[in-house]
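What follows is each chain in one-letter form.
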Amino acid sequence: MAPRFYNTLTGRIEPFEPLEPGHARIYSCGPTVYDRAHVGNFRTFVWEDLLRRFLKFRGYRVTQVMNVTDVDDRTIRAAIESGMTLEEVTRPVEAQFFEDWKTLGLEPMEHHPRATEHVDTMIALVRRLEERGLTYERDGSVYFAISRSPEYGRLARLDPEGARAAGRVEGDEEYSKEDPRDFVLWKGGERGEESVAVWDSPWGLGRPGWHLECSAMSMEYLGESFDIHTGGVDNIFPHHTNEMAQSEGATGRPLARYWLHAEHLLVDGGKMSKSLGNYYTIPDLLDRGYRPSAIRYLLLSAHYRTQLNFTLPGLNTAERALERLAEFGRRLLDQVAGEPSPSPGVEGGSHPIAILADQARAAFRDAMDEDLSASDALAAIFTFVREANRELDAAPGGPRAGEVEAALAVLQDFDAVFGVLSLRETEVSPDDPAVRAWVEGRIAARDEARAARDYERADAIRREVEERGFRLEDTPDGTRWKATTSGLPT
RNA sequence: GGCGCCGUGGCCGAGCGGUUAGGCAGGGGCCUGCAAAGCCCCGUACUCCGGUUCGAAUCCGGACGGCGCCUCCA
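## What to know about the sheet that holds strand β8 (residues 206-208)
Strand order in the open sheet made by the four strands is β5-β6-β7-β8, with antiparallel pairing throughout. The sheet is open, and its two edges are formed by β5 (135-138) and β8, each paired on a single side. This sheet shows a mean twist of 25 degrees between the axes of neighbouring strands, independent of strand direction. Pairing analysis gives four bridges linking β5 to strand β6 (residues 141-144), with the strands arranged antiparallel. The partner of T135 across the bridge, within β6, is F144.

Structure, rendered in structure tokens:
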């Protein structure tokens, strides 16, 4: 069985069949680097990472491209207003983007091309469209003629008549179009932005229109036809609609076979907006003490095609849920580290945990196979955790050989796709040796006090350590410790 | 105005005609110098009003409420 995905183009869930067997080629619409991305943006990016990881988990080779759009109306406006060059505006934002990217544990993609470094490819693409008679020129600008593109609007299911009627005739550049729905491929003429963004072209000085960079770069890195195109739902129209029209107009071939779109994030039950102030960046959340792993978990915990309600309490919930998974993993590792457990007395029958592990892995894969049903996949994992814990509690001489390994393998598979446990691991164990030494020294001192039954002193040490952000837990095998906050003490 | 999605137990969140999704919070128990952590057990919910059906959270109609798209917002 192949994975199945909801395809916006057809409105159906369809089995995934890549053009080249075993190789998934994906184009994921990236950020416009005029301002730092927020959690809403990252919901989509984290989901694209999930898709990537899942396909790899399912054995596909993945080639994924995400653009960095560093020239458009907003970046140009920002440059003009601040008196800086385009690069001076966009590079720092781009750096922040990749910093947040890394914070949330997203894997680097195979290609992260910048629009400004592919202007020649874009110009070549416009020329191809020109040769096919799909464009017209007005006042130094080149437009795409929608009337000559019979399939136009298929992705967004636009009603041709309605769309025409709804076409707005506002803005100082609209009047020169043949049809209000036509969009610009190349912006030329006097625009007052020559000091910031200008390239030479067959139509004179100017700069590329919006959708062009994605068409040009997907073609350059993935070929004229590839498998999956992803983005947020807002991209369906106009961005992907126009991208599709210009790419397919130039090549005569389908741009992508599967179009997947992630729904938007809601904040506190409502639309995210700057005026309401319900707008968080990743550093905003880290400053409030939330862990990257909790952010990532929350963003992935709901199905990607539903409007996930993002709240601060939700992050606490996510962190607790993650802790449950992490504790389970810790329990398993303790078993492995403990005694070799050479399969004591209990004979006959099967190995319950190994069986549960197989069931869990199958349920997990099936859920993800069905249009990346993350909620169902998580339910499968949590059910396994409960059942395996029950078995571990009941096992007379500890689990049998191989069972713990089987359980650990389930967690590893889960995390290969969700990427939350490994991320959390980097947050809770400080790698500063001095910090570790200090905590362990305090534990030794406390152990002495406990041995002497001086519990007042032992409790005082515990409080001291807790003030520094660590929690001590006494177990039969000695005292263990962990950091209680992501903002590790210094 | 046009097109579309959604409304599930305290909160989040699956579900697509009949069997307990799952998580968090809350309650009980086990363990424990204390504490914490952990583990186990416990929840019969589906906006409202009609209808279809032996049977509906799930299908149809209506009302109310939330959200989105209709040219540069992931």
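Having seen the structure, we can now continue with the description.
## Observations regarding helix α1 (residues 39-57)
Over its 19 residues, α1 extends 26 Å from the first C-alpha to the last, a length consistent with the 27 Å expected when each residue adds 1.5 Å. Across the 19 residues that make up α1, a large majority, 15, are buried.

## What to know about the protein's contact with RNA strand B
Around RNA strand B there are 66 residues in total, and G40, G232, K271, A321 and Y455 lie nearest to it. Considering every element that reaches the surface near RNA strand B, the biggest residue donor is helix α12 (residues 374-394), with ten residues. Residues belonging to the surface near RNA strand B are distributed by class as follows: 23 nonpolar, 22 polar and 21 charged.

## Some words on the packing of helix α4 (residues 119-131) against helix α7 (residues 236-251)
Here α4 crosses α7 at 65 degrees, and the two axes come no closer than 8 Å. Judged by the inter-axis angle, α4 sits roughly perpendicular to α7. Like other packed secondary-structure pairs, α4 and α7 cross with a definite hand, here left-handed. Contact residues: α4 offers L125, R128 and L129, while α7 offers Q246, G249 and A250. Of the residues contributing to the contact of α4 with α7, the split by class is three nonpolar, two polar and one charged.

## A look at the nonpolar core
Grouped together as the largest cluster of nonpolar side chains are 119 residues, with contacts concentrated most on V46, F144, L185, I295, I381 and A407. Counting residues per element, this core draws most heavily on α1, which supplies nine residues. Among the domains, domain 1 (4-262) and domain 2 (283-427) are the pair contributing at least three residues each to this core. Apart from the residues within four sequence positions on either side, A407 is in contact with L332, I353, A357 and A388.

## Observations regarding the domain arrangement of chain A
Per the domain assignment, the segments making up chain A are domain 1 (4-262), domain 2 (283-427) and domain 3 (429-483). Spacing between the C-alpha centres of domain 1 and domain 2 amounts to 37 Å. Each side of the interface is counted separately: domain 1 has 18 residues, and domain 2 has 19 residues. Elements that contribute at least two residues to the side of domain 1 that touches domain 2 include exactly β1 (4-7) and α1. Here the element with the most residues in the side of domain 1 that touches domain 2 is α1; it accounts for ten residues. Its residues assigned to classes, the side of domain 1 that touches domain 2 shows 13 nonpolar, two polar and three charged.

## So, the environment of A245
Tracing the chain through its elements places A245 in helix α7. Look at A245 and you get buried, because 27 C-beta atoms sit within 10 Å. Residues A245 and D371 lie 126 residues apart in sequence; the distance between their C-alpha atoms is 26 Å. Discounting chain neighbours no more than four positions away, the residues touching A245 are F144, S149 and Y152.

Thresholds, definitions, all that
- Residues numbered from 1 in each chain as written.
- Chains lettered and ligands numbered in written order.
- Predicted model: local features only at pLDDT ≥ 70, side-chain atom pairs only at ≥ 80, totals over all residues.
- Pairing = 2+ DSSP bridges.
- Helix = DSSP H or I, 4+ residues; strand = E, 2+ residues; numbered from the N terminus.
- Axes fitted to C-alpha atoms, helices over the stretch in contact; angles between N-to-C directions.
- Expected span 1.5 Å × (residues − 1).
- Buried ≥ 20, exposed ≤ 12 C-beta atoms within 10 Å, placed from the backbone.
- Near = placed C-beta within 6 Å.
- Nonpolar A, V, L, I, M, F, W, Y, C, P; charged D, E, K, R; others polar.
- Parallel < 35°, antiparallel > 145°, perpendicular 65-115°, else oblique.
- Left-handed = near helix turned anticlockwise from the far one by under 90°.
- Contact = placed C-beta atoms within 7 Å.
- Core = buried A, V, L, I, M, F, W, Y, C linked by C-beta atoms within 7 Å.
- Domains from an automatic or database assignment.

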